[in-house]
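Residues per chain are reported as follows:
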Amino acid sequence: MNARRLLYRLALAVIGLALTCAAADREHATPIRELVLAPQPGGSGQSVAQVERGRDLLILARSSAGNEMWLQVTALAQPGTRQQEATGWAPAKLAIATSSPNAADIIFGAAVDSEIEAEKPKGRRSAPDDAQRLYQRVAQFFPDTDSGREALWRAADIQWQLDRARGKKPIDETAMQNVIRKLPGTRYADLAAYALLENQLCGDWKGQAACPAQEAEIYERYAREHPRSPKAAEALYNAAWRTGVIADIYRVRNNKEQSEASHNRALALAQELANQFPQAEWKYRAETLIYKMQKNIPLYGTSE
Amino acid sequence: MALKQKAAILGAACLVLLLSAVPGHAAEKEHGTVIGDADIYVAPDFKAQRVGRATRGRDIFLIERSKIDNKDWAHVLATIQEGLLQPREISGWVDGRLVVTVSTPNADQIIYGEAVDSEHQQELRGGRQKADQDAMRLYYRLYEYFPGSPLAAESLWRAADLRWQLEKSGVFSRPSAREMDANSRSQIDDETMRELIKKFPGTRWAQLGAYDLLDNKICGDWKGEAKCPEKESDMYEHYAHEYPQSPKAPEALYNAAWRQAVLVDMYAKERGKADKARKKSLDIIQELTTKYTESDWRARGVQLRYLLEQNLPVYGQ
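Just so it is clear, the structure is predicted and the values come from calculations on it, not from any experiment.

(A) Region of the structure containing the overall build of chain A. The secondary structure content of chain A amounts to ten helices and seven strands. Relative to the 2.2 N^0.38 estimate, which gives 19 Å for 304 residues, the radius of gyration of chain A is 26 Å and therefore markedly larger than a compact globule would have. In terms of principal-axis extent, the alpha carbons of chain A reach across some 80 × 55 × 30 Å. Taken over 304 residues, chain A has a buried fraction of 39%. Summarising the internal contacts of chain A: among those between residues at least 6 apart in sequence, 53% fall at separations of at least 24.

See the structure below:
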């Protein structure tokens, strides 16, 4: 009896493994338009499910109906979402398979399209999520291409912005950590590392020096560790500005010594920025910051 | 009596001289602006009566500078506008530290930095109100005071574009914006944009300005009629060919191709016209994808070609 049960379990495990392998072998696809899964090729019958742009589809079979090619697909559910798996038939022209000619460009183009739509005042409501999913698919289907790397970063960035807009605190770091792990030493990893700093920032400073001091340190460390990052100049500016604010806070509290030390440190950081990044917009913001500090114009709060 | 007459004549002459000297004197004063909102007081004292506020980027005349109780003060003549009231000229004293004039060392860079700062403020959630208008004025002041600065052309472009976007959002939010004909709605004031194109011809800034100007020519609601996408497609294609180096050239080509693709949908019952529009769209996409290989617009072009090849609708999607 025990042996039979063991055999049964073993058989189940083998079948499960075989299914997983088959799934791994199957081709993936993604819709570039919202589509409805039908119970059979041709689209007749009650719809099975509605599938959003950018969902990960597993192709199970292909068939032609009414002069059109149809795909039987399983729309996979992304972990951590409310999506549910569903299987049905979709017109092949709306679901771009990984083997389709120019598939990476077509999906990437659809993602850019959704991103632009998201910026319009009356754009499609689902556009930001659509863009995020579509970029995610490009990264998943074509990880070793330039489009794939760019898409991995863009998907993580959109996810970050969406989480922030939805008030998530702290913001989930998984996607950004993924960028750093998969694309080490690239500008994308630098950008992801910069985004992650947001989770370390204080909320309201409440007029205390501790918060800007901690944040200035975080930004300065970033600028030192990522000197070629597109965000290095911004990080140095943030460090300089916060250090200047600390000088104001100490000055108001009549702590002349610490105020002067912070003032000089802020000037040095701003000067370093102006010298090191002569082409960046941040250089001019640094020049303005230097001018304000030299004239003792308060940086924090009002001028009086 | 004669002595009294002489004294009166002398007094009148002095008064005339004094009065005639005032405008000349003002004209010699330094132009400048403020890099922070500056309250204007009747006297150099923060407790004195406040007569107004000069916001960032307002054009001011510096009459004199003074140091009182170790504080810098500037006596200025400023044109200010508060709320919906008419602009008025007032003179008074402001915090001298905030006044940057044409003779301030690195003034162009300082004004530019403050303008960039204001633009960033506008983008921040909870950022300073009307910071975009501060940025617009500051950029314009830079160009006005330092037309030879390496930052002048970009500053005029940024000032013109900020003004354009502000006016555009107003014009396109009115009911007249839903009319098909562009002439049925009020036009976006193009004065600053024209100034940019005239002063800095052939630069990328002038090319960007020329692209913005197209907004005044596009239709409102197409109302399903083909003449609008036809006209707009021509307009965008013309732009892309006239300014092939413009950062907006690939976008213009995409817009032209997309409108031709829309015409394919609109001419669904007129096969000849639909085929012509499809061919035109595909030709433009070909130009876009081969000429601008590094741009996001290339990928959008590839996607559009796919939609056309698969006979998928473009209009209303």
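So much for the structure itself; the text now carries on.
(B) Expanded view of the interface of chain B and chain A. Chain B puts 22 residues into the contact, and the matching count from chain A is 20 residues. Looking at side-chain class alone, the side of chain B that touches chain A contains ten nonpolar, six polar and six charged residues.

(C) Fine view of helix α6 (residues 204-213) of chain B. All names here are of chain B. Counting buried positions along α6 yields seven of ten residues, so the element is predominantly enclosed. Along α6, the residues classified as buried are W205, A206, Q207, L208, G209, Y211 and D212. As for α6, its buried residues are in contact with α4 (152-171), α5 (191-199), α7 (227-242) and α8 (249-266).

(D) Representation of the domain arrangement of chain B within the structure. All names here are of chain B. According to the domain assignment, chain B contains domain 1 (26-101), domain 2 (105-221) and domain 3 (224-317). Relative placement of domain 2 and domain 3: their C-alpha centres are 28 Å apart. The partner domain 3 presents ten residues to the ten residues of domain 2 that form the contact. Of the residues in the side of domain 2 that touches domain 3, the class split is seven nonpolar, one polar and two charged.

(E) Structural detail: the packing of helix α2 (residues 103-119) of chain A against helix α3 (residues 127-141) of chain A. All names here are of chain A. Orientation of α2 relative to α3, taken along the N-to-C sense of each, is 160°, at an axis distance of 8 Å. In this view, α2 runs roughly antiparallel relative to α3, as classed from their interaxial angle. Judged by the twist between their axes, the crossing of α2 over α3 is left-handed. In this structure, α2 uses A104, I107, F108, A110, A111, S114, E115, E117 and A118 to contact α3, whose residues at the interface are A127, P128, D130, A131, L134, Y135, R137 and V138. Taken together, the residues that form the contact of α2 with α3 break down as twelve nonpolar, one polar and four charged.

Rules used in this analysis
- Residues numbered from 1 in each chain as written.
- Chains lettered and ligands numbered in written order.
- Predicted model: local features only at pLDDT ≥ 70, side-chain atom pairs only at ≥ 80, totals over all residues.
- Helix = DSSP H or I, 4+ residues; strand = E, 2+ residues; numbered from the N terminus.
- Rg over C-alpha atoms; globule rule 2.2 N^0.38 Å.
- Buried ≥ 20, exposed ≤ 12 C-beta atoms within 10 Å, placed from the backbone.
- Contact = placed C-beta atoms within 7 Å.
- Nonpolar A, V, L, I, M, F, W, Y, C, P; charged D, E, K, R; others polar.
- Domains from an automatic or database assignment.
- Axes fitted to C-alpha atoms, helices over the stretch in contact; angles between N-to-C directions.
- Parallel < 35°, antiparallel > 145°, perpendicular 65-115°, else oblique.
- Left-handed = near helix turned anticlockwise from the far one by under 90°.

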